[in-house]
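Listed here are the chains, written in short residue letters.
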Amino acid sequence: MIKINENCIERVFDDELLIIEAWGENSIRVRSFIDQKFEDRLNALQKIDNKNVKIIKNEDSVTIINGKIKAILDHRDRITFYNDKNEILLKEYIRLRAVKHDDGSEDVSTIEITKDFNSTLKLKAREYKANGDGTSFNVKVRFESDKNEKIFGMGQYQHEYLDLKNTVLELAQRNSQISVPFYISSKKYGFMWNNPGIGKVTFAKNLTEWEMVSSTYIDYLITCHDNLKEITKQFTELTGRYPLMSKKLLGLWQSKLRYRTQEEVIDVVKEYHKRGIQLSTIAIDYFHWPKQGEYRFDKDYWPDPKKMVDILKKEYKVEPMVSVWPTVQTDATNYKTYLENGYLVKVNKGVRLTMQIQGNTVYLDVTNKEARKYVWSLIKNNYKDLGIDYYWLDVAEPGYSVYDFDNYRYHKGTVNQIGNLYPNEYLKLIYEGTEDKNSVVTLVRGAWLGAQKYGALVWSGDIDSSFEAFKNQVNTGLNMSLAGISWWSTDIGGFHGGNPKDEKFRELIIRWFQYATFSPILRMHGDRLPHYEPLSNTGGGSMPTGSGNEIWSYGEKVEKILTKYIKIREILKDYLHNLMKETYEYGYPIMRTLFYEFEEDKNSWEVENEYMLGEHILISPIMDYCQREKEVYLPTDENWIDIYDGKIYKGLNTYTIKADIEKIPVFIKESKKEEFKELLEYIKNNFEGADLY
Amino acid sequence: MNIEIIENEGYIIRTSKSILKVMQWGKNAVKIFASPNHNSENIYGIDELDRLEKSNCKISVNGDLVELINKDLKVIYDGNKLIFYNKNKKILEEYTRAVKNKDYNYALNIEAREFKYISDNSYKSILRFEADENEKIYGMGSYQEYSLNKNFSTYELMHRNSQTTIPFYISNKKYGFIWNNASIGEVKFSKNYKQWESYNSNCIEYLVIVGENTKEIIRDYTSIIGRSPMINENLLGLWQSKLRYQTKEELEVIYQEYLKRNIDLSVLVIDYYHWTEDGEFEFDLTYWDKIEELAKKVNIMVSLWPTVSKECKYYNHYLDNKMLLNSINHKNEIFDNKAILDFFNPKTKEFLNFLLNKNYKSKNINLFWADQAEPEMNIYNHKEYETYIGNFEKTANKFPLVYLKSIDKKEDYPTLIRSAWFNSQKYGALVWSGDIDSSFDSLKRQIQCSISMGLSGISWFTTDIGGFYTKDPKSEEFKELLIRWFQFSTFSPILRMHGDRMPHTKRMSNTGGGKRTSGSENEIFSYGEEVENILLKYIRIREKLKKYILSLYEESSKQGYPIIRSVFFEYENDENSWNEEQTYMFGSEFLVVPILEYNKKEIEIYFPKGNDWINVFDKKKYRGGEKYILKTSLEEIPVFVKQTSYLIKEIDSIFKGE
């Protein structure tokens, strides 16, 4: 039975309620509910009023038109989406007998034959398979695959691919893997999978398939426009936009695993100050606390944090940032409070344990508002009131020791059903507590759709310290940006290991730092080798620390180069801040794929590991050891200036560009030369062609 | 490392989590077994998995590395994953993102071999390999799609009506891969990793076979899993079938009509519902009395269905002896409101053959058509059924094989069957592609299916000429489709007319053999004179090709070679031949380019490099390694013979008529 409402088509049949609804500009939301049980859930979406929606009932189909997008529900119960040029964007996949309501019956004489393509595979576009007793379902949505389509976005996966067509992606959060299920297609539409359940998506050559292992509904949104920036606007209009990042945060962020005492922190800041470098932030990593779950400084090592904060903020204008972990130790002084109130993650089977680090720990259940409030009360008291405004939400997936997603339950639902929400709910802990919502910048290891509205500055997690790992970051960062997460960062040099005395690692630090200079946030962090013995056996002393990770820890030559890039970053601050404004106002990425800026230039769709920082600066990072030149494609009919020698190159061509160790290929549009006068001047005076290595 | 080396055979590594066995499987082949249970064997693997000729196998341990060398195949275990080499070139590498060592750190915690506990000795088992964007992957059975190259695609490991899964592939990197597990599952050959998954099993087991070239790999693969027997040469002419001849008299007329045209039918087929009741396996004599008389004159094939209705007189007998797939939810009506025989139970075979002897063989009928062999289910929910040997989810993909083996037949006779499994070829499975659409799109898919099945070890493969579901058999488009399909089938293992043509007749009665309706006529003379004349021409060509076709069957039986062969199978060194997805070699001598579009006026053809080519109809010559655009005519399918062919002198007499 089909019902037509003002903004939507509703179809009920047997075990399904299907709603095809105009939802925002040029966008259509599709929801399906098993057993016709409607539940009004927004997930990552915001409520929107729609006007001028057209719904037309034809003889054997219904059409809904919302601006540039159109969906047709045909006589085979299949939805096809079109743009305003009547080109198919996406079409549900069915392989059924060409009869009305294929019930598997073999008696050809009794069924009504239609004129469609016949298939006996019995594959439906929307499929529910009951798990166990039928309270949850394995849910699949299938679309026809278009071999020539390109797919971008979807969050952060540790592989080298920019174009995600032909990949399979787990829809689950892991340390260094972030599921943000929104993609932008080369066919000029955006697709958002609005279900935070665990599952996977297969963008195969023969089939596109979304799967949730345990759910009761389908919810996705498709938004279209012939301009990619408009798609971003439409998408972020519906899912939220970033606050405006303060300009003071656009300099260098200093971090390592881990500064152990307040003296260490202040010493590092002093060292930078001595060098004339204005740090933006300095990070105080984990185990500054006595026990996990107590959310306070261990007084043995941090005797007067208030004083430290004052010195940092007032004397040095450096913002302290503290690490927050969701782990609660079973021997924390307030463990009972967590238990009594049900603030912890529940375990279905086996020992109550979610991670082993310095004893047994259980994760905080951030999906419980009361739990968030409680922890915020500790944070407020022990950090915020000291003047600490920035937090670093670590382990935000949360990173289970074993990712048995079916083994955990949250307040909001089972992990299988809502697990991917965890990072967003965790972010809310800070966001809800903070009064000035527009000032929130939270460093976080994880995100889901809409994390941007909570000021999520996402970093790529605990990755290897190698050129190989570096190669996995650049493209994936661009995909994060297209999925709406414009504030994105990586540990310069990678996280796991790296000996500052090692020549190869030093080169990696330089190449990564150069890249990070032209990224949203310039941030040093890592676990450098060798490790030092812990200061003590208890509390804030018990965790070892890695070797030095400051710009001077890598020898004079490295420091000299990094210092130049810190200066470049300084000069670009206004430009960067303008990009932050665009993000705030329209949701645009800061790092943009070439095709995002130059969609008319067909070649630009093929270019990977190269990007635009905003509209005017093109960067092509060097990602191989000892690499001293690179093939760089310069897009569009435009002249480009090599910032190092001022040479002008014509666009729409590929050039071999020299890249001495000092240099990362960077180009600006010749037409914007005036805007970058200071930068070009600085480079002219400070860069020589010499190769240091 | 807890390693046990078995001299010249392989080694076993035991950890707290699992057992891993790496064993040679004859020269150039290795079998890998992994299970969470140290005391475990592959229960639902391939029954007849023969070893290749014995070879010397060297195993050496060096710190954390274990190296096994078996002729050209080298396997390295690096303490975590296995890496495979053919002549020192890496061909396959397990995928792991869980290592924390001095080389590389991953925080993702993804293992190459993963077991998710379901219940006692039952796991969801996942196996991952690194992907290779440039790899080409072929085989995997018969899936309804256009792509011959399976890389970047995803497949259910499950039979459905018109989908046969044979989880074997051959790679252009010169290796073959067998996923040795009958469980329902899936494989994703994605750009970022390859992932095999069985939804319910006690282990992971796979084989890797390397070789010099495709032919060698296929030979070795088929000596492991089996080859087709030799076929009776009288079966290489036309098979006449439709849904459905309703009476003996009707069939007699058809027989006579063909005789009149001087066509000696190879087989005449009696479709379903000739029986008294589903599960009784006997003619309804109201309609089929004296069928044995016709069966003396022509080979008759009868349809068997595994379905059993409640009204079947043996229903309780089947039930009491556990001869039906048994629903754990007490609803045995798997398909079309009927239960399905459990061929895993040896008693089922015994009883079935008792009935076949009594009701068919005694009437000179010795050819059987095992329909509905996947089996098709109203809802594919295998885990809700128990078979004689275990949960259906664990065993399902073997079903068509045990069904096939339950039908006793003559050595050189095939059993026509809808779907197959490893070993099916040994038992004379002639697989057809199932109930498919009647359209050019569908024909295009069947070409791919035919080539892929050949590369999966199933040489005996056929499709319904004209497709199965036909809405408008009188339309010009359908007539052309029928011609194109018939032309293609002439150059295929079996030439077989079948289909369900609209409109349907009325029922003859409401009981037994009268209750199912029939489709419209589907003989070569049902579509007008023009069509008939063209089809007649191809029937003659087929007749004259018999000796050649028989030689292909022989190659298939001796070497395991396909009859319909991918172009690269014959022209391995021609890079372009690996991209040819819709043309094929009919044996080693003919290049066949089926016409797959309505009203096609011309076609671009790539001629493989290595020899020149002669058009069999007009004798025009084409240079190998080049592309030409050729005009097409409705009468002719572009077919070319190798200029160097031993048949070159006979071409005129084969293709030009008397």
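Criteria and thresholds
Residues numbered from 1 in each chain as written. Chains lettered and ligands numbered in written order. Predicted model: local features only at pLDDT ≥ 70, side-chain atom pairs only at ≥ 80, totals over all residues. Heavy atoms only, no water. Helix = DSSP H or I, 4+ residues; strand = E, 2+ residues; numbered from the N terminus. Rg over C-alpha atoms; globule rule 2.2 N^0.38 Å. Contact = heavy atoms within 4.5 Å. Lys, Arg positive; Asp, Glu negative; His and termini not counted. Charge placed at Lys NZ, Arg CZ, Asp CG, Glu CD. Buried < 20%, exposed > 50% of the residue type's maximum accessible area, 1.4 Å probe, protein only. Areas by Shrake-Rupley, 256 points an atom, 1.4 Å probe, with all protein chains shown as cover. Buried area = accessible area lost by both parts, 1.4 Å probe. Salt bridge = Lys/Arg side-chain N within 4 Å of Asp/Glu carboxyl O. Polar contact = N/O pair within 3.5 Å; in protein donor to acceptor, adjacent residues only side chain to side chain. Nonpolar A, V, L, I, M, F, W, Y, C, P; charged D, E, K, R; others polar. Pairing = 2+ DSSP bridges. Axes fitted to C-alpha atoms, helices over the stretch in contact; angles between N-to-C directions. Disulfide = S-S within 2.5 Å. Phe/Tyr/Trp six-rings, centres within 6.5 Å; stacked < 30°, edge-to-face > 60°. Lys NZ or Arg CZ within 6 Å of the ring centre and 35° of its normal.

Just give me the short version of the overall build of chain A, but keep the residues and values in it.
For chain A, the helix and strand inventory stands at 13 helices and 40 strands. Against the 2.2 N^0.38 benchmark of 26 Å for 693 residues, chain A shows a C-alpha radius of gyration of 26 Å, consistent with a compact globule. Of the contacts formed within chain A by residues at least 6 apart in sequence, a portion of 69% connects residues at least 24 apart. In chain A, which carries 95 positive and 104 negative side-chain charges, the distance between the mean positions of the two groups comes to 1 Å.

Got a sec to walk through the overall build of chain B? Specific residues and values, please.
When helices and strands are counted, chain B shows 14 helices and 41 strands. When burial is assessed residue by residue, chain B has 67% of its 658 residues classed as buried. In chain B, 70% of the contacts between residues at least 6 apart in sequence involve partners at least 24 apart. Carbon together with sulfur atoms contributes 45% to the accessible area of chain B, which is approximately 22500 Å² in total. When the 90 positive and 95 negative side-chain charges of chain B are each reduced to one mean point, those points stand 2 Å apart.

How would you summarise the interface of chain A and chain B if you had to cite specific residues and measurements?
At the junction of the two partners, chain A supplies 50 residues and chain B supplies 54 residues. When chain A packs against chain B, close to 4400 Å² is buried across both sides, 47% of that on carbon and sulfur atoms. The tally of links from chain A across to chain B stands at four salt bridges. For A:Lys200, the salt bridge identified is with B:Glu186, shortest N-O distance 2.8 Å. At the surface where chain A touches chain B, the tally comes to 27 residue pairs in polar contact (both at pLDDT 80 or more). Elements with a contribution of two residues or more to the side of chain A that touches chain B: strand E13 (168-171), strand E16 (199-203) and helix H8 (467-482) of chain A. Here the side of chain A that touches chain B takes three residues from H8(A), the largest share from any one element. Of the residues assigned to the side of chain A that touches chain B, the class counts are 13 nonpolar, 19 polar and 18 charged.

A description of the sheet that holds strand E6 (residues 62-66) of chain A should follow, citing residues and the corresponding values.
All names here are of chain A. Strand order in the open sheet made by the five strands is E5-E6-E7-E8-E9, with antiparallel pairing throughout. What marks the edges here is a single partner per strand, and that holds for strand E5 (53-57) and strand E9 (88-91). Between one strand axis and the next, the sheet turns by 15° as a mean value, whatever way the strands run. In terms of strand pairing, strand E8 (residues 79-82) meets E9 through three bridges, oriented antiparallel. Bridge pairing in E9 links Thr80 to Lys91.

Can you break down the environment of A:Lys147 residue by residue, with the values?
All names here are of chain A. Inspection of the secondary structure assignment puts Lys147 in the loop between strand E11 (136-143) and strand E12 (151-156). Assessed through its relative accessible area of 56%, Lys147 is described here as exposed. C-alpha of Lys147 to C-alpha of Phe203: the two residues are 56 residues apart in sequence and 9.6 Å apart in space. Each residue touching Lys147, except ones within four places of it in the same chain, is listed here: Lys165 and Lys205.

Report on the pattern of salt bridges, specifying residues and quantitative values.
This model, assessed by the stated rule, comprises 118 salt bridges over all chains. A:Arg142 is the partner of A:Glu127 in a salt bridge, and the nearest nitrogen-oxygen pair spans 3.3 Å. Within this pair, whereas A:Glu127 is found in strand E10 (residues 126-131), its partner A:Arg142 is found in strand E11, the two being separated by 15 residues in sequence. In this structure, B:Asp464 engages B:Arg496 in a salt bridge whose closest nitrogen and oxygen atoms are separated by 2.7 Å. Residue B:Asp464 is located in the loop between strand E30 (461-462) and strand E31 (469-470), and its partner B:Arg496 is located in strand E32 (residues 495-497); the two are separated by 32 residues in the primary sequence. For B:Arg496, a relative accessible area of 1% gives the class buried. Counted as one network, the salt bridges with shared partners bring together A:Arg97, A:Lys122, B:Asp371, B:Glu374, B:Glu376, B:Arg418 and B:Asp435.

I'd like a rundown of the environment of A:Tyr565, residues and numbers included.
All names here are of chain A. Among the secondary structure elements, Tyr565 is positioned in helix H10 (residues 556-571). Between the alpha carbons of Tyr565 and Ser27 there is a distance of 42 Å; along the sequence they are 538 residues apart. With residues near it in sequence (within four places) discarded, Tyr565 still touches Phe513, Gln514, Thr517, Phe518, Tyr644, Glu662, Lys663, Ile664 and Phe687.

Lay out the state of the cysteines with the relevant residues and their values.
Overall, the coordinates contain zero disulfides over all chains when judged by the stated rule. A:Cys224 supplies the cysteine sulfur nearest to A:Cys8, a cysteine that is in no disulfide, at a spacing of 19 Å.

Help me get a handle on the packing of aromatic side chains, residues and values and all.
The full count for this structure, using the stated rule, is 107 aromatic pairs over all chains. Where B:Phe168 meets B:Tyr221, the ring centres are 3.5 Å apart and the plane angle is 5°; that geometry is what we call stacked. Of the two residues, B:Phe168 sits in strand E14 (residues 164-171) while B:Tyr221 sits in helix H1 (residues 214-225), which places them 53 residues apart along the sequence. Ring centres 6.5 Å apart and planes at 80° place the aromatic pair B:Tyr221 and B:Phe422 in the edge-to-face group. Of the two residues, B:Tyr221 sits in helix H1 while B:Phe422 sits in the loop between strand E28 (415-417) and strand E29 (429-432), which places them 201 residues apart along the sequence. Accessibility expressed as a relative area gives 1% for B:Phe422, which makes it buried. Among the aromatic residues, those joined into a ring-pair cluster are B:Phe84, B:Phe129, B:Tyr143, B:Tyr155, B:Tyr169, B:Tyr175, B:Phe177, B:Trp179, B:Phe189, B:Trp196 and B:Tyr206. Seen from the ring of A:Trp23, A:Arg29 lies directly overhead, with NZ or CZ sitting 4.5 Å from the centre. The ring of A:Tyr217 is capped by A:Arg41, whose NZ or CZ atom sits 3.8 Å from the centre of that ring.

Mind laying out the sheet that holds strand E24 (residues 355-356) of chain A, listing which residues take part and the relevant values?
Residue and element names in this part refer to chain A. Across the sheet, which stays open at both edges, the three strands sit in the order E22-E25-E24 with antiparallel pairing between neighbours. Either end of the sheet is taken by a strand with one partner, and the two such strands are strand E22 (327-329) and E24. Pairing between E22 and strand E25 (residues 360-363): three bridges, direction antiparallel. If you follow Thr327 over to E25, its bridge partner there is Tyr363.

Tell me about the side chain of B:Ser645, and please be specific about residues and values.
Within the element layout of this structure, B:Ser645 appears in the loop between strand E41 (639-642) and helix H14 (651-655). Looking at B:Ser645, its side chain comes within polar contact range of the main-chain nitrogen of B:Leu647, at 2.9 Å.

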